[in-house]
Amino acid sequence: MAKPMTNPRELALDVLIRIEKNHAYSQLLLHETIKRHPLNKKDIGLLTQLVYGVIQRRLTLDYYLHAFIDKKKKIDAWVKWLLYLSIYQKVYLDKIPDHAIVNEAVNIARRRGHKGIVGFVNGVLRQMIRKGFPDPADITPENKRLSIMYSHPSWLLERWINLYGLDEALAICETNNQPAPVSVRVNPLKTDVQRLIQTLADAGIEAEPGAVAPEAVTIISGNAADTMAYKEGLFTIQDESSMLVAHALDAKPGMTVLDACAGPGGKTGHIAEKMDNHGSICALDLHAHKTKLIDQQANRLDIDIIHTRALDARKANDVFPAESFDRILIDAPCSGFGVIRRKPEIKWEKTEKDVEQIAKVQADILDQIAPLVKAGGKLVYSTCTIDRKENTDTVNRFLNEHPEFELDESLINRMPDIVGQHGQWQNGGMVQILPQQFQTDGFFISCLKRI
Ligand SMILES: C[S@@+](CC[C@H](N)C(=O)[O-])C[C@H]1O[C@@H](n2cnc3c(N)ncnc32)[C@H](O)[C@@H]1O
């Protein structure tokens, strides 16, 4: 019998229970679990796939489960997650034989529960394997069927259908249920794309040039974060669409820049690299623990023009004189619907009310920060969401109320051709990127110019 805490299925169960109980992020808990347990590469892969897969497919798994047990029957949370894990392996992983799925689940149930639970788990799983699962394609009405088949809450799916049409909305859901690619950003102060790919290859990491951002490298296999090259600051782990934000900002060496919502500093470091580490960047975040992360990243990258400060961006106006900055980035707190593939719990936790609330915060930050941009300077507003309310609606409202700003229509010229041609553009100054378009995170980027 495998030891409990090196068993990837039991660890996955533990992580899933904790995510639900503590509203924790899957990414962080997984990372911490992998660090604390002596797992081989194969087991890390299985653990990761099980955790992400079960959260992603939760609604579909729940539909399958309730074909065999009454919805009204009370079962402990850990038993529910154990059954989801077993159904996930049966439906989505083809290399695991039925008897292994049942035996593993029964062994875990035995270690955690009493005899009655062991018998229940054994009975339900054997019945499923004998009878097979019902076909969700038979569910009516259509919105319920799509919600269960694509495993997204129906309110969110409806929202995307209204915004993007049925085909795009379903493509968003499909992409959200896939594993996210890993990309890294080259630090041009230390190396370049081709040299980094060679350095990574020497460390056993397979990589190739990215498909969207010029400084991006896509990791094909291996853990890039666990290399000397990472420790020495040759690169930063960052999604390719997130890399486009620093291009939008157009900060030049010697400029004075404010990064108003900067933690944990992914984009701050990128802006500094593009400024050739000349000039000055003031990086704010509401939380002091996040400004510490920015400092750590700057040290790792050998950048010394970043100055951090824990401050609510809505109060920046009281601290800095008007027109202090050539460039300002507001990479705003948002619903995160563009990064569901990396943080699948977002789709189950966020509500329509959250979107309304966060849109108000975004509007306040924009209004308070705007006076700090110099005349002729630029303000980039970006989010990692795909909701119109937080994106184009926020920017249009701002432009209506601030005649001293106009959309910077030259933004499109600073984007890679593929984004210029296939992103969802408005007047060359605002672009919405959906996750299925370039296999990147969903992102919104806009650029405003102070007249
Ligand atoms: C989307 S994240 C920024 C990501 C960051 N730009 C990067 O690339 O690593 C938004 C950040 O805004 C911070 N935040 C939220 N409300 C804020 C406020 N009122 N003032 C300043 N920062 C805020 C959050 O703590 C969070 O770190």
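Just so you know, these numbers come straight off a predicted model, no measurement behind them. (Residues numbered from 1 in each chain as written. Predicted model: local features only at pLDDT ≥ 70, side-chain atom pairs only at ≥ 80, totals over all residues.)

Points about the overall build of the chain
Heads up, the condition is: Helical segments are the DSSP runs of H or I of at least four residues, strand segments are the runs of E of at least two, and each set is numbered from the N terminus. As a rule, residues whose C-beta atom has 12 or fewer other C-beta atoms within 10 Å are exposed, those with 20 or more are buried, and those in between are partly exposed; C-beta atoms are placed from the backbone.
Counting secondary structure elements, the chain contains 22 helices and 13 strands. Dimensions of the chain along its principal axes, counting C-alpha atoms only, are 70 × 50 × 40 Å. Expressed as a percentage of its 451 residues, the buried residues of the chain come to 44%.

What about the UniProt feature "active site" (unreviewed entry) in the chain?
Basically, it comes down to this: UniProt positions are given in the numbering used here, feature names are shortened, and annotations may be inferred rather than shown by experiment. By definition, residues are in contact whenever their C-beta atoms, placed on the basis of the backbone, come within 7 Å of each other.
According to UniProt, the positions carrying the feature "active site" (unreviewed entry) are Cys384. By the element assignment, Cys384 lies in the loop between strand S9 (373-383) and helix H19 (392-401). Using a count of 25 C-beta atoms within 10 Å as the deciding quantity, one classes Cys384 as buried. Not counting chain neighbours up to four residues away, the residues in contact with Cys384 comprise Cys334, Gly336, Gly338, Val339, Asp441, Gly442 and Phe443.

So, the site of the ligand
We count it as follows: In this analysis a residue is considered near a molecule or strand if the C-beta atom, reconstructed from its backbone, is found within 6 Å of that molecule or strand. Charged means Asp, Glu, Lys or Arg here, nonpolar means Ala, Val, Leu, Ile, Met, Phe, Trp, Tyr, Cys or Pro, and polar covers whatever is left, Gly included.
Near the ligand you find 18 residues, and of these Cys261, Gly263, Gly266, Ala313 and Asp331 are the closest. Elements represented by at least two residues in the shell around the ligand include exactly helix H14 (266-274) and strand S6 (280-285). Its residues placed into classes, the shell around the ligand shows eight nonpolar, four polar and six charged.

Some details on the domain arrangement of the chain
Just so we agree on the cut-off: Domain extents, as shown, originate in an automatic or database domain assignment.
If you check the domain split of the chain, you get domain 1 (4-134), domain 2 (142-176), domain 3 (182-237) and domain 4 (243-450). Taking only C-alpha atoms, the centre of domain 1 and the centre of domain 3 are 34 Å apart.

Let's talk about the UniProt feature "binding site: S-adenosyl-L-methionine" (unreviewed entry) in the chain
Under the present numbering, the feature "binding site: S-adenosyl-L-methionine" (unreviewed entry) in UniProt falls on Cys261, Ala262, Gly263, Pro264, Gly265, Gly266, Lys267, Asp285, Asp312 and Asp331. Along the chain, Pro264 turns up in the loop between strand S5 (256-259) and H14. For Pro264, the contacting residues outside a window of four places in its chain are Lys290, Leu293, Ile294 and Gln297. Looking at the secondary structure, you find Asp285 in strand S6. Dropping the residues within four chain positions of it, Asp285 is found in contact with Cys261, Ala262, Gly263, Lys290, Thr291 and Ala310.

Some words on the environment of Ile418
When you line up the elements, Ile418 lands in helix H21 (residues 417-422). Residues contacting Ile418, with those up to four places away along its chain left out, are Val212 and Phe438.

Description of the sheet that holds strand S4 (residues 235-237)
We count it as follows: A pair of strands is labelled paired if DSSP reports no fewer than 2 bridges between them. Only the contacting stretch of a helix is used when fitting its axis, a line to C-alpha atoms as for every element, and angles between N-to-C directions run 0 to 180 degrees.
Pairing in this open sheet of four strands is antiparallel, and the strands run S2-S3-S1-S4 from one edge to the other. Every interior strand has two partners, whereas the edge strands, strand S2 (206-209) and S4, have only one. Adjacent strand axes in the sheet meet at a mean angle of 35 degrees when their direction is disregarded. For strand S1 (residues 182-186) and S4, the ladder comprises three bridges, and the chain directions are antiparallel. By the bridge assignment for S4, Val186 is matched with Phe235.

A closer look at the nonpolar core
What counts is decided by this rule: In plain words, the nonpolar core is the set of buried Ala, Val, Leu, Ile, Met, Phe, Trp, Tyr and Cys residues that C-beta atoms within 7 Å link up.
The biggest cluster of nonpolar side chains holds 87 residues, and the ones touching the most others in it are Ala260, Ile328, Ile330, Ile369 and Val380. When residues of this core are assigned to their parent elements, the largest contribution, six residues, is made by helix H13 (residues 240-249). If we ignore the near neighbours within four places in the chain, the residues touching Ile330 are Ala260, Cys261, Ile365, Leu366, Ile369 and Tyr381. Core analysis: the next-biggest nonpolar cluster, separate from the first, contains 33 residues, Ala12, Leu46, Ile87 and Ala109 among them.

Remarks on the pairing of S1
Each regular strand carries side chains that alternate between the two faces of the sheet. Burial runs high along S1: four of the five residues are buried. Two strands pair when backbone bridges link them, and S1 and strand S3 (residues 216-221) are joined in this way by four bridges, in the antiparallel orientation. Paired with Arg185 across the strands is Ala216, a residue of S3.

Remarks on the environment of Gly45
Summarising the element assignment, Gly45 is placed in helix H3 (residues 41-56). Under the C-beta neighbour-count criterion, Gly45 is labelled exposed, with 12 such atoms within 10 Å. As a C-alpha pair, Gly45 and Pro8 span 37 residues in sequence and 9.0 Å in three-dimensional space.

A short note on the packing of helix H5 (residues 77-92) against helix H6 (residues 98-112)
The condition that has to hold: Note on terminology: angles under 35 degrees are roughly parallel, angles over 145 are roughly antiparallel, angles of 65 to 115 are roughly perpendicular, and the others are oblique. Left-handed describes a crossing whose near helix is turned anticlockwise from the far helix by less than a right angle; the clockwise case is right-handed.
Between H5 and H6, the shortest axis-to-axis distance is 10 Å and the interhelical angle comes to 165 degrees. Between H5 and H6, the interaxial angle falls into the category roughly antiparallel. The two elements H5 and H6 cross, and the hand of that crossing is right-handed. Every residue of H6 that contacts H5 at Trp78, Leu82, Ser86, Gln89 and Lys90 is listed here: Asp98, Ile101, Ala105, Ile108, Ala109 and Arg112.

Focus: the packing of H13 against H14
Think of two packed helices as two axes; the pair is described by the angle between the axes and how far apart they sit. Remark: H13 packs on H14, axes separated minimally by 9 Å, with the N-to-C direction vectors making an angle of 45 degrees. Comparing their axes, H14 and H13 come out oblique. The interaxial crossing formed by H13 with H14 has right-handed handedness. Side by side, H13 and H14 meet where Ser242, Met243, Val245, Ala246 and Leu249 of the first sit next to Gly266, Lys267, His270, Ile271 and Lys274 of the second. Of the residues contributing to the contact of H13 with H14, the split by class is five nonpolar, three polar and two charged.

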